[in-house]
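# Breakdown of the fold
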Amino acid sequence: MKEEKAFWEGKSFSFFSNKSCEFYPCHPVAEGMDFNCLFCYCPLYMLGRRCGGSFTYLENGVKDCSRCLLPHRRENYGLISESFQKIAQTMAEQERGDGGADTTWDRQE
């Protein structure tokens, strides 16, 4: 029995590589790796420790994702797009003040 592909596999909307970017590649990658720039700013970042990626926290409390390739791997488009519900829930928790990531970065108006 043939395994079905996810609806997004092989579609152009699920992968974008900008090799002309002045920061490309922004993470150390293996030669020949398909590097997905679609999630240049990782939407999972705001999930803090629950993001599922490989990260550390610097002494100043900033999350350092420089060794994480989770959003840049072609095959992780589905994982990230499926996480938007968790992201929305985390944002709602922050707005209510009952948990989630640090909100000290809130914009001053």
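Structure: see above.
### Examining the overall build of the protein
Looking only at helices and strands, the protein features 2 helices and 2 strands. A buried classification covers 28% of the 109 residues belonging to the protein. Contacts spanning at least 24 positions in sequence make up 50% of the contacts within the protein whose residues lie at least 6 apart.

### Quick notes on the side chain of His72
Among the structural elements, His72 can be located in the loop between strand 2 (63-64) and helix 1 (77-82). Owing to a relative accessible area of 2%, His72 belongs among the buried residues under this scheme. Within polar-contact distance, the side chain of His72 engages the side chain of His27 at 3.2 Å. A polar contact is formed between the side chain of His72 and the backbone oxygen of Asn36, at a distance of 2.8 Å. Each residue touching His72, except ones within four places of it in the same chain, is listed here: Cys26, His27, Met33, Asp34, Phe35, Asn36, Phe39 and Cys40.

### Focus: the nonpolar core
In terms of nonpolar packing, the biggest core is built from 11 residues, these being Trp8, Phe39, Leu44, Met46, Leu47, Cys51, Cys68, Leu70, Tyr77, Ile80 and Ile87. Residues contacting Leu70, with those up to four places away along its chain left out, are Leu44, Gly52, Gly53, Asn76, Leu79 and Ile80.

### Some details on the environment of Leu79
If you trace the backbone, Leu79 turns up in helix 1. It is 9.9 Å that separates the C-alpha atoms of Leu79 and Gly52, two residues lying 27 residues apart in sequence.

### Looking at the pattern of salt bridges
Throughout the structure, instances matching the rule amount to 1 salt bridge. Here Arg74 makes a salt bridge to Asp34, at a shortest N to O gap of 3.2 Å. With Arg74 in the loop between strand 2 and helix 1 and Asp34 in the segment before strand 1 (56-57), the pair connects residues that are 40 residues apart, well separated along the chain. Among the residues examined, Arg74 registers a relative accessible area of 34% and is labelled partly exposed. We classify Asp34 as partly exposed; its relative accessible area is 41%.

### Some details on a nonpolar patch on the surface
Nonpolar side chains collect at one region of the surface, where Tyr45, Leu58 and Val62 lie side by side and expose about 250 Å² of accessible area between them. Topologically, Val62 is positioned in the loop between strand 1 and strand 2.

### Brief notes about the packing of aromatic side chains
Scanning the model with the defined rule gives 6 aromatic pairs in all. When the ring of Tyr24 is compared with that of Phe35, the centres are 5.5 Å apart and the planes differ by 85 degrees; the resulting orientation is edge-to-face. Of the two residues, Tyr24 sits in the segment before strand 1 while Phe35 sits in the segment before strand 1, which places them 11 residues apart along the sequence. Judged by relative accessible area, Tyr24 falls into the partly exposed class, the value being 24%. Ring geometry for Phe55 and Tyr57: centres 5.5 Å apart, planes at 80 degrees, overall edge-to-face. On the basis of relative accessible area, Tyr57 is assigned to the partly exposed category, the value being 33%. Geometry around Tyr45 places Lys63 over its ring, the cationic atom sitting 5.0 Å from the centre. Just above the ring of Phe15 sits the side chain of Arg74; from NZ or CZ to the centre is 3.8 Å.

What counts as what
- Residues numbered from 1 in each chain as written.
- Predicted model: local features only at pLDDT ≥ 70, side-chain atom pairs only at ≥ 80, totals over all residues.
- Heavy atoms only, no water.
- Helix = DSSP H or I, 4+ residues; strand = E, 2+ residues; numbered from the N terminus.
- Buried < 20%, exposed > 50% of the residue type's maximum accessible area, 1.4 Å probe, protein only.
- Contact = heavy atoms within 4.5 Å.
- Polar contact = N/O pair within 3.5 Å; in protein donor to acceptor, adjacent residues only side chain to side chain.
- Core = buried A, V, L, I, M, F, W, Y, C linked by side-chain atoms within 4.5 Å.
- Salt bridge = Lys/Arg side-chain N within 4 Å of Asp/Glu carboxyl O.
- Patch = residues over 30% accessible without salt bridge, like charges linked within 9 Å, V, L, I, M, F, W, Y side chains within 5 Å.
- Areas by Shrake-Rupley, 256 points an atom, 1.4 Å probe, with all protein chains shown as cover.
- Phe/Tyr/Trp six-rings, centres within 6.5 Å; stacked < 30°, edge-to-face > 60°.
- Lys NZ or Arg CZ within 6 Å of the ring centre and 35° of its normal.

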